[in-house]
Amino acid sequence: MGPTEAIAKFVAQTTAEDIPSEVFKPAKRHSIDTLGVAIGASREPLAETLAALVAGQSEGEASLWNGRGRAAALEAAWVNGTLAHALDFDDGGVALTPMHPSSPILPAVWALCESRNLSGRDAISAYIVGLEVACKIASAVSLSHYDHGWHATAVIGALGAAVGTGWLAGLTEDQTRSAIGIAASLAGGLQANFGTMTKPLHAGVACRNGLMATILAKAGWTSNRTILETDNGFFKVFGCGEIKDLNSLGKPFHFVSPGVSIKRFPTCSATHFGIEALLGLKRDHALAAEQVESIECGVHALSFQALRQESEIQTAEEARFSLHFAAAMVLLEGSVELKHFSQATFNREDVRALMKRVRVYVHPELCDLESKKRNFAEVIVHRKDGGSISKSETKIRGRAPLVLNDSEVEAKFRGCVEPVLGVKNSQALLEKLRSLDSLPELRTLLPAAYGPA
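Residues numbered from 1 in each chain as written. Predicted model: local features only at pLDDT ≥ 70, side-chain atom pairs only at ≥ 80, totals over all residues. Heavy atoms only, no water.

Visitor: Even after reading the chapter, I still don't get the overall build of the protein chain, so can you show me in this structure?
Guide: A count of helical and extended segments in the protein chain gives 18 helices and 6 strands. Whereas a compact globule of 453 residues would reach a radius of gyration of roughly 22 Å, the protein chain reaches 21 Å, a difference of no more than 12%. By principal-axis analysis of the C-alpha atoms, the protein chain measures approximately 70 × 50 × 40 Å. Expressed as a percentage of the 453 residues in the protein chain, the buried residues total 58%. The contacts of the protein chain with a sequence gap of at least 6 include a subset with a gap of at least 24, amounting to 77%. Carbon and sulfur atoms make up 50% of the accessible area of the protein chain, which totals about 16,800 Å². With 45 positive and 49 negative side-chain charges, the protein chain shows a spacing of 2 Å between the two charge centroids. (Helix = DSSP H or I, 4+ residues; strand = E, 2+ residues; numbered from the N terminus. Rg over C-alpha atoms; globule rule 2.2 N^0.38 Å. Buried < 20%, exposed > 50% of the residue type's maximum accessible area, 1.4 Å probe, protein only. Contact = heavy atoms within 4.5 Å. Areas by Shrake-Rupley, 256 points an atom, 1.4 Å probe, with all protein chains shown as cover. Lys, Arg positive; Asp, Glu negative; His and termini not counted. Charge placed at Lys NZ, Arg CZ, Asp CG, Glu CD.)

This is the structure:
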């Protein structure tokens, strides 16, 4: 059985009852996390541009997560997917190929679910199916796909959005194949746009295209039935390597093992090993910024490829991809938080001076793609007194086995949402999200916090 057929059979034959009960708990946790970071992005400059392009109304198929009312499902998926990825604070798939699975999938599923007046459990079930396929593909493809410069969140995410919404729409096996084929032709996204507004747009476009693929397939639109594995098909064109099969879908579900990570820091994941190492040095050695002469950060070649190498930044988008900036925040502020991503912080002389003393390089043990399996970061701090201290970090808090619990995720949610909605509305929304899987009509959830535009 080829990969396209295997995915189509899994999507068409899986019912909500087939999904083990233990899968729903992390799926709901990640739903809360994804919606929280999306709402937290609703005051970003790019959010104002989106609001001007898609003006919400009091009536419409689906909610806009920027609080501006409702819109057509395709527009809502596009806007909400972009917002969910805008802070680069959304979750990760825990696969060798780096990708954010929820931002290109959950908003698409959510928009279709609202437009059809379906339940919260329907939405979570479809989200689980879409994420399962996307993460299993990310786990199966070669790292050469990412090394070539593709943004896996955009490319693989479009397939996840198509199968998640396809499951929700009740597509047959043949229709699911068509949806996969349509989404495969619409997929794309370039790493060269990391550190700009276009990077989160990748997730929004993947949401919209995945949902569009489902709508077209349901209407009888055709595509290649073996698009993933066929000659000059998806896997070959996107440099995914040889994919033998995808017959492990749901065995177990990716949400259960190896799990999906939730970020502690609102920065690109390529910075996180370095942040953890520097936090450890600061804690263990009472390290202060004024003691530091210079900092060396050795990272994996793919992380180096994703990061900005300039020692100066001008925008929040650039700062999210700067290990130079993250290192400065750890030493000067003791953490890396949303509040640090402001023009006032970027203009601080102490921040700018410290960033210039940071060097990021490819660690000699992490030069080839195979070494990604033993990924880490090594940080060496040279002190002004002539001494030096170093730490290699192999674990990230928020990634299995150091997963965040419900209380920690809810604290992150409040940190993202309260500056936008206030304490009262944030708490009202959180209480509804806690029972998301028992909500009879998903479209009734957001007005508790927003109301019409």
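Visitor: Please clarify how helix H9 (residues 173–186) should be interpreted in this entry.
Guide: An α-helical turn contains 3.6 residues, so any two residues separated by three or four positions project in the same direction. Over its 14 residues, H9 extends 20 Å from the first C-alpha to the last, a length consistent with the 20 Å expected when each residue adds 1.5 Å. Taken as a whole, H9 has its buried residues at Thr176, Arg177, Ser178, Ala179, Ile180, Gly181, Ile182, Ala183 and Ala184. On its buried face, H9 is in contact with helix H1 (3–13), helix H8 (152–168), helix H10 (198–218) and helix H11 (234–237). (Expected span 1.5 Å × (residues − 1).)

Visitor: How do you make sense of the nonpolar core when you look at a structure like this?
Guide: Soluble globular proteins tend to bury their nonpolar side chains together. Ranked by size, the top nonpolar core spans 150 residues in total, and within it Ile7, Trp110 and Phe234 carry the most contacts. Element by element, the count of residues in this core is highest for helix H6 (residues 120–140), at 12 residues. Residues contacting Ile7, with those up to four places away along its chain left out, are Val133, Ile137, Val163, Ile180, Leu228, Leu246 and Leu249. (Core = buried A, V, L, I, M, F, W, Y, C linked by side-chain atoms within 4.5 Å.)

Visitor: Please clarify how the environment of Ala286 should be interpreted in this entry.
Guide: Of note, Ala286 is situated in the loop between helix H12 (272–285) and strand E3 (292–299). The class for Ala286 is exposed, based on a relative accessible area of 59%. Contact partners of Ala286, with chain neighbours within four places excluded, come to Leu281 and Gln291.

Visitor: Where do I start with the packing of aromatic side chains in this structure?
Guide: Within this structure, the stated rule accounts for 9 aromatic pairs. Taken together, a centroid distance of 5.3 Å and an interplanar angle of 40° make the contact between Phe194 and Phe321 tilted. Separated by 127 residues along the polypeptide, Phe194 in the loop between H9 and H10 and Phe321 in the loop between helix H14 (316–319) and helix H15 (323–333) bring together distant segments of the chain. With a centroid separation of 5.5 Å and an interplanar angle of 75°, the aromatic rings of Phe325 and Phe346 are classed as edge-to-face. (Phe/Tyr/Trp six-rings, centres within 6.5 Å; stacked < 30°, edge-to-face > 60°.)

Visitor: Sorry, what's going on with the packing of helix H3 (residues 45–53) against helix H4 (residues 73–86) here?
Guide: Between two packed helices, what matters for the description is the angle formed by their axes and the separation of those axes. Relative orientation of the contacting elements H3 and H4 amounts to 175°, with a least axis distance of 11 Å. One way to sum up the angle between H3 and H4 is to call them roughly antiparallel. Note on element contacts: H4 touches H3 through Trp78, Val79, Thr82, Leu83 and Ala86, opposite Leu46, Ala47, Leu50 and Leu53. When the residues that make up the contact of H3 with H4 are grouped by side-chain class, the tally is 8 nonpolar, 1 polar and no charged. (Axes fitted to C-alpha atoms, helices over the stretch in contact; angles between N-to-C directions. Parallel < 35°, antiparallel > 145°, perpendicular 65-115°, else oblique. Nonpolar A, V, L, I, M, F, W, Y, C, P; charged D, E, K, R; others polar.)

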